[in-house]
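# Report on the structure
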Amino acid sequence: MSKLDPAMAAEAAERRERAADAGCPVVHFDYTNKKPALTYWSEFDKLRASGPVAYSDFGPGFWMLLTSDLVREAYQTPEVFSSSATIPTVPHPDWQWIPTMIDPPEHADYRRILNIAFSPRFVRDLESTIRQDARDIIETFVADGECDFINAFAKVFPARVFVRILGLPVEHTEQFKEWVERIFEGLGHFGDEAEDQLAAQREIKDYFAEVFRDRRENPRPEEDGDFFTILATQKLRDRLLTEQEFLNMAEVILLAGLDTVRSQISYAFYHLATTPSDREWIVRDPSIVENAVEEFLRAQNIVMTARQIAVDTEFHGCPMKKGDMVMVANPSASRDEAEYEDPTTIKLDRKVTRHYSFAGGPHRCVGAHLARAELAIALQEWHRMIPEYEVANTDGLIESGPQIGLKKLHLKWA
Amino acid sequence: MQVVIDESKCSGHGRCYTLSPELFDCDDEGFPVVLEPTFEAGSERERQARTAEVSCPERAISILEA
């Protein structure tokens, strides 16, 4: 693991002492550690039992908000919990994702463009093509009686949907998958371990710089509804987006749209492959799928995001200082005993499923409507075509963060 | 009875108009629009209002009793 430079190390030591003096449990929560599948959720459950806030001395160090109330309060108070940095171990990011890392009020101008592009209506219109994509992909391996679920389905499906709805060449699907993998491999690391991630981020920018030039010079006709034409020609108040803004927005859409869905689908299928009664339930009654999606999102929340303190504050007894990083632990908050009955059990027909899988406050995931549709369609189409299946691998059932993801999942069926 | 959305908290999760379509619709950006705010106690619409209230991650929905 890379060392912190002396100035950062001194700051980290001061912050750790500040947390310990305030009586905050100090832990070493290294989310880059590879652990057996489902371990991170049980670790969050244990941490939450020791208090609503913890402090982790991993890397430069960060506070951890673990309960539903505190997570919601942080999301709803962006003037204190800024989005200037959103990875817990990276207080000084070399990049600026838009609108992810823009605070209100500027945030709303960027966000409006994306809200319309990813609206529930837009998703509804696309449903049948997304469904066809899911069927086509399953068709490629259904006769084999087995598949490498993550590589053959969980990565391919969201990437295919992504290039289709954004009007990019389908043959670039593989390239997008590769960039996204390299970025999530490095994300949350620091120093030289993050170098390949930064290189991939530069390559993505080069790709979208071409797209930007093309759409500015040859805008597609309005009736095509081409996403990047809209982005390249849309007015932000009284001006066009700059190339840099366009690139930063394109990158965040790519990152947010692919790996999240891959991880979420993998855990849902891992649960169903190991819990025959729930799998049979979905086959017997596909109308349960929409509620099941919410329950998977709640109980298997994958994103450990962060905020950065904008002004010194005493937050529920914790002395947080400007510049401190705070992990907003969605995976913990959505399993909070104060909020849900028997929260660690997956119940497909659970009545109260509100969760923070899509974060909250002004930065609520713009792709939430699309993600929900992708997850529901994947579950429905898969179980129509492959109603019985089981896990075929014993190695590789491991995971790490900051976006919790299964490394390997092989499924087989008769 | 009446259902009220606190617009300063609503961030467009969309649970209300998905789960309670008799009471809410959505606008072009995905934010909810209240179709008909008032309803009778004990009605199907009250049931939908209660569902929306407990399903909102932002706690932006409340029900006012007459």
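Quick caveat: nothing in here was measured; it's all calculated off a predicted structure.

Our focus in this paragraph is the overall build of chain B. Counting its regular elements, chain B contains two helices and four strands. Each helix (α) and strand (β) of chain B, taken in turn from the N terminus, gives the series β-α-β-β-α-β. Relative to its length of 66 residues, chain B is compact, with a C-alpha radius of gyration of 11 Å against a globular reference of 11 Å. Each principal axis of the C-alpha atoms in chain B carries an extent, and together these give about 30 × 20 × 15 Å. A buried classification covers 45% of the 66 residues belonging to chain B. Across chain B, the fraction of contacts at a sequence separation of at least 24, relative to all contacts at a separation of at least 6, is 53%. Accessible area of chain B: about 3200 Å², with a carbon and sulfur share of 50%. Chain B carries 6 positive and 14 negative side-chain charges, and their two centres are separated by 8 Å.

A few words now on the confidence of the model for chain B. Of all residues in chain B, 100% have pLDDT values of 70 or greater, and the mean over the chain is 95. ipTM for the predicted complex: 0.95, alongside a pTM of 0.95.

Turning our attention to the packing of aromatic side chains. All names here are of chain A. In total, this model carries 32 aromatic pairs over all chains according to the counting rule given. Here the aromatic rings of Trp 382 and Trp 413 are separated by 5.7 Å at their centres, their planes lie at 85 degrees, and the arrangement is edge-to-face. Taken together, the positions of Trp 382 in helix α15 (residues 368-385) and Trp 413 in the segment after β16 (410-412) put the pair 31 residues apart, joining distant regions of the chain. Like Trp 382, the residue Trp 413 is buried in the burial classification. An aromatic cluster is present here, built from Phe 118, Phe 122, Phe 162, Phe 176, Trp 179, Tyr 207, Phe 208, Phe 212, Phe 227, Phe 228 and Phe 246 joined pairwise through their rings. Directly above the aromatic system of Tyr 40 lies the positively charged group of Lys 35, at a separation of 5.1 Å from the ring centroid. The positively charged end of Arg 279 is found above the aromatic ring belonging to Tyr 389, 5.7 Å away from the centroid.

What follows deals with the interface of chain A and chain B. Each partner contributes to the interface: chain A provides 21 residues, whereas chain B provides 20 residues. When the two sides are added together, the surface that chain A and chain B hide from each other amounts to roughly 1700 Å², 42% of it contributed by carbon and sulfur. Sorting the residues of chain A by area buried against chain B places A:Arg121, A:Arg354 and A:Arg364 first, and these three jointly supply 32% of that buried surface. Remark: the boundary between chain A and chain B carries four salt bridges. Linking A:Arg121 and B:Asp28 is a salt bridge whose minimum nitrogen-to-oxygen distance equals 2.9 Å. Inspection of the chain A/chain B interface yields twelve residue pairs in polar contact (both at pLDDT 80 or more). Going through the elements one at a time, α3 (68-75), α4 (106-117), α5 (120-139) and α15 of chain A are the ones with two or more residues in the side of chain A that touches chain B.

This next bit is on the nonpolar core. Residue and element names in this part refer to chain A. Formed by 119 residues in total, the largest nonpolar core has its most connected members in Phe 208 and Trp 382. With 17 residues, helix α11 (residues 243-274) is the largest single contributor of residues to this core. Apart from the residues lying within four places of it in its own chain, the contact partners of Trp 382 are Ile 138, Phe 141, Cys 147, Phe 149, Phe 153, Phe 269, Pro 387, Tyr 389, Leu 411 and Trp 413. By size, the runner-up hydrophobic cluster in this structure holds 21 residues, among which are Tyr 75, Ile 309, Cys 318 and Ala 359.

Consecutive side chains of a regular strand alternate in pointing toward one face of the sheet and then the other. Residues and elements named next belong to chain A. Within strand β12 (residues 325-329), five of the five residues are buried, leaving the element largely enclosed by the surrounding structure. Burial along β12 is two-sided: the residues Met 325, Met 327 and Ala 329 and Val 326 and Val 328 are all buried. When strand β4 (residues 62-65) meets β12, the two strands line up parallel, connected through three bridges. Within the sheet, the bridge partner assigned to Leu 65 lies in β12 and is Val 328. Here five bridges tie strand β9 (residues 304-309) to β12, and the two strands are oriented antiparallel to one another. Directly across from Met 304, in β12, lies its bridge partner Ala 329.

The rules behind each value
Residues numbered from 1 in each chain as written. Chains lettered and ligands numbered in written order. Predicted model: local features only at pLDDT ≥ 70, side-chain atom pairs only at ≥ 80, totals over all residues. Heavy atoms only, no water. Helix = DSSP H or I, 4+ residues; strand = E, 2+ residues; numbered from the N terminus. Rg over C-alpha atoms; globule rule 2.2 N^0.38 Å. Buried < 20%, exposed > 50% of the residue type's maximum accessible area, 1.4 Å probe, protein only. Contact = heavy atoms within 4.5 Å. Areas by Shrake-Rupley, 256 points an atom, 1.4 Å probe, with all protein chains shown as cover. Lys, Arg positive; Asp, Glu negative; His and termini not counted. Charge placed at Lys NZ, Arg CZ, Asp CG, Glu CD. pLDDT = per-residue confidence, 0-100. Phe/Tyr/Trp six-rings, centres within 6.5 Å; stacked < 30°, edge-to-face > 60°. Lys NZ or Arg CZ within 6 Å of the ring centre and 35° of its normal. Buried area = accessible area lost by both parts, 1.4 Å probe. Salt bridge = Lys/Arg side-chain N within 4 Å of Asp/Glu carboxyl O. Polar contact = N/O pair within 3.5 Å; in protein donor to acceptor, adjacent residues only side chain to side chain. Core = buried A, V, L, I, M, F, W, Y, C linked by side-chain atoms within 4.5 Å. Pairing = 2+ DSSP bridges.

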